[in-house]
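Chains, contacts and geometry: an overview
Given next are the chains, with one letter for each unit.
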Amino acid sequence: MKTLLALVLAVFAPLALAAGAGPKLEASHTNIEDTASLQRGARLFVNYCMGCHSLGYLRYSRMAEDLGLSEEQVMQNLNFTGAKFGERMVSAMDPADATAWIGAAAPDLTLTARAKLGGPDWVYTYLKSFYADESRPLGWNNTVLPGASMPNPLWEMQGIQRAVYAGEGGQIDRLEVATPGSLSPEQFDQVARDITAFLQYAAEPSRLQRESVGVWVILFLAFFTLMAWLLKQEYWRDVH
Ligand code: HEC
């Protein structure tokens, strides 16, 4: 029993430490089977993020197929770079220009929702954690990625948050909206959730397919079990 306990501790304690070390993340509650949410997320992404970020491993055509959109819908509403339908979703921003203007190149986001510790919850909380900070070059900071070069792309919807400190010169206790945006906090949560869901999809497009194949696999196994059982009944009838 003691050895078992020690083993469990040895395995999980580092995980708990690793989880505790990062910023506190909010649950994103994304649902990548909600196609409407993915479609809204795609629209938000091309409008608010793709000026700087690419999804260099995702093709417009693949996105159209997976999100139930026609070639025409995608080319008219979701493609502003002049790329062809079969091409990858690459930002028009030159990384060198980005470094000159923002101070850093915007990383490719295709795999981000999978690569980050916390996954989608990290992306979701990051999008909600921008606050005004005069000491930063572009006037923005972020509690999930302190010192981030990215300015808040969604501030018109979210409003401008400011940091509330715990005591004099203390840590940031929480963020509060100082200047309201065009959306309510709940509506803005949905915006952040839709973008996160879309990035989660982009990180693993085959997951949609795999999950629908999974249902058929289970049905097949159930059917096969029934067949095997009937066959056994048949054989044993002769033996008895
Ligand atoms: C003005 C350019 C710009 C826009 C617009 C922009 N970003 Fe960024 N983003 C950046 C830069 C630059 C970084 C790198 C920040 C750093 O490391 O300091 C970044 C970092 C990130 C990261 C962290 C990536 C990592 O691997 O650490 C995520 C996630 C992200 N952006 C998501 C978004 C989303 C979603 C949008 C749209 C709602 C968006 N960004 C819009 C410039 C931008």
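1. Section: the side chain of Thr125
With respect to the element layout, Thr125 can be found in helix 7 (residues 120–128). Thr125 has contacts with Lys24, Leu25, Glu26 and Val144, leaving out every residue within four places of it along the chain.

2. With respect to the pairing of strand 5 (residues 159–165)
Note: strand 5 against strand 6 (residues 172–180), seven bridges, orientation antiparallel. Bridge pairing links Tyr165 to Ile172 in strand 6. Adjacent in sequence and paired antiparallel, strand 5 and strand 6 are bridged by six residues, among which Gly167 carries a positive phi angle near 75°.

3. Section: the coordination of the iron atom of the ligand
Around the iron atom of the ligand, the protein supplies His53 (NE2) and Met150 (SD) as donor atoms, at distances of 1.9 to 2.1 Å. What the six donor atoms of the iron atom of the ligand show is an angle range of 87 to 178° at the metal, which sorts the shape as octahedral. Here Met150 lies in the loop between strand 4 (140–142) and helix 8 (155–158) and His53 lies in the loop between helix 2 (35–48) and strand 1 (55–59), a separation of 97 residues in the sequence.

4. Observations concerning the site of the ligand
If you check the shell around the ligand, you find 21 residues, and the closest are Cys49, Cys52, His53, Ser149 and Met150. Note that a nitrogen atom of the ligand is positioned 2.7 Å from one of the side-chain N or O atoms of His53. At 2.9 Å, a side-chain N or O of Lys116 approaches an oxygen atom of the ligand. Residue contributions to the shell around the ligand peak at three residues, all from helix 7. Partitioning the shell around the ligand into residue classes produces 17 nonpolar, three polar and one charged.

Quick notes on the rules
- Residues numbered from 1 in each chain as written.
- Predicted model: local features only at pLDDT ≥ 70, side-chain atom pairs only at ≥ 80, totals over all residues.
- Heavy atoms only, no water.
- Helix = DSSP H or I, 4+ residues; strand = E, 2+ residues; numbered from the N terminus.
- Contact = heavy atoms within 4.5 Å.
- Pairing = 2+ DSSP bridges.
- Donors = N, O, S within 2.8 Å, 3.2 Å for Na, K, Ca; no water.
- Tetrahedral: all angles 85-135°; square planar, octahedral: opposite > 155°, others 65-115°.
- Near = heavy atom within 4 Å.
- Polar contact = N/O pair within 3.5 Å; in protein donor to acceptor, adjacent residues only side chain to side chain.
- Nonpolar A, V, L, I, M, F, W, Y, C, P; charged D, E, K, R; others polar.

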